[in-house]
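# Commentary on secondary and tertiary structure
What follows is each chain in one-letter form.
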Amino acid sequence: YEPRGDLRALGFRLRYGQLGVKWAGVPLAAWLFPYAAAKRVRVVHLLRRNHLDFLVSRAVATVTGLRHARSDEEVENPRVTIDTETLVGQIERCVSHETLMKRAVSAFRLPAVEITYEELAASTPATYRRVLEFIGARVDHEPRWGMRKVIDTPRSDVIENYAGVREVLGGTRYASFLD
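Cut-offs and rules
- Residues numbered from 1 in each chain as written.
- Predicted model: local features only at pLDDT ≥ 70, side-chain atom pairs only at ≥ 80, totals over all residues.
- Heavy atoms only, no water.
- Helix = DSSP H or I, 4+ residues; strand = E, 2+ residues; numbered from the N terminus.
- Buried < 20%, exposed > 50% of the residue type's maximum accessible area, 1.4 Å probe, protein only.
- Contact = heavy atoms within 4.5 Å.
- Salt bridge = Lys/Arg side-chain N within 4 Å of Asp/Glu carboxyl O.
- Polar contact = N/O pair within 3.5 Å; in protein donor to acceptor, adjacent residues only side chain to side chain.
- Axes fitted to C-alpha atoms, helices over the stretch in contact; angles between N-to-C directions.
- Parallel < 35°, antiparallel > 145°, perpendicular 65-115°, else oblique.
- Nonpolar A, V, L, I, M, F, W, Y, C, P; charged D, E, K, R; others polar.
- Pairing = 2+ DSSP bridges.
- Arc of directions from axis to C-beta.

### Some details on the environment of L52
Considering the arrangement of structural elements, one finds L52 in helix α2 (residues 51–64). We classify L52 as buried; its relative accessible area is 0%. Residues in contact with L52, not counting those within four places in the same chain, are L87, R155, V165, L169, F177 and L178.

Given below as structure tokens:
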């Protein structure tokens, strides 16, 4: 975060699981948040509205090795099986990670904007403009995301054991993830 010519924004991607990784024997979170607070780092927090979709995406990525696709790429959607015995726990872990990140950002008073993956996937210029304005970047063209969803078919076509997933989530607060 040192001056770099006319560069107005510099960033990196940080996954929730990386916060516990140790660097020089110290968990990343223990030094990253104080550093970010001292430097007034702006946080763009990417959230998922539907954590079931995240878990399905992760399962598909494990099978295909593909996590992202460009807008012009053709991608086949394999069918995947979701572990129904651990499904609710996995979703709760996702929710917990998001909550912990929100609390840390708030506790360290970091300037932040929350964007959902679903907003990005919709590729609305307003979403990109909001992020670019927040980080202080100037853009002389209409911003757009050059990526597309890897999974573009209904969940029931991708999840091999969809009936079991529906049964497990049906009576929980996560039932809306099935819609």
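### Quick notes on the pattern of salt bridges
Taken as a whole, this structure holds four salt bridges when the rule is applied. With a closest N to O distance of 2.6 Å, D53 and R155 form a salt bridge. With D53 in helix α2 and R155 in helix α6 (residues 155–158), the pair connects residues that are 102 residues apart, well separated along the chain. D53 gets classed as buried once you look at its relative accessible area, which sits at 16%.

### Things to note about the side chain of H45
Relative to the elements of secondary structure, H45 occurs in strand β3 (residues 43–47). Since its relative accessible area comes to 7%, H45 is described here as buried. At 2.6 Å, the side chain of H45 forms a polar contact with the side chain of Y16. Not counting residues up to four positions away in its chain, the partners in contact with H45 are Y16, E98, M101, K102, V113, E114 and I115.

### Looking at the packing of α2 against helix α3 (residues 87–107)
Two packed helices can be described by the angle between their axes and the distance between those axes. In the contact formed by α2 and α3, the axes pass within 10 Å of each other and the chain directions differ by 110°. Considering the angle they form, α2 stands roughly perpendicular to α3. Residues H51, L52, F54, L55 and R58 of α2 lie in contact with α3, whose contacting residues are L87, Q90, I91, C94, V95 and E98. For the contact of α2 with α3, the residue count by class is seven nonpolar, two polar and two charged.

### Regarding the pairing of β3
Side chains V43, H45 and L47 of β3 all project onto a buried face; the interleaved residues V44 and L46 project onto a face where none is buried. Alignment of β3 against strand β5 (residues 112–116), held across five bridges, turns out to be parallel. The residue bridging V43 from the neighbouring strand is A112, located in β5.

### Some points on helix α7 (residues 162–170)
Turning to α7, its buried residues number three or more, namely Y162, V165 and L169. One face of α7 carries all of its buried residues, which in axial projection span an arc of 60°. The exposed residues of α7 that point more than 90 degrees off its buried face are A163 and E167. Residues of α7 that are buried in the fold lie against α2, α3 and α6.

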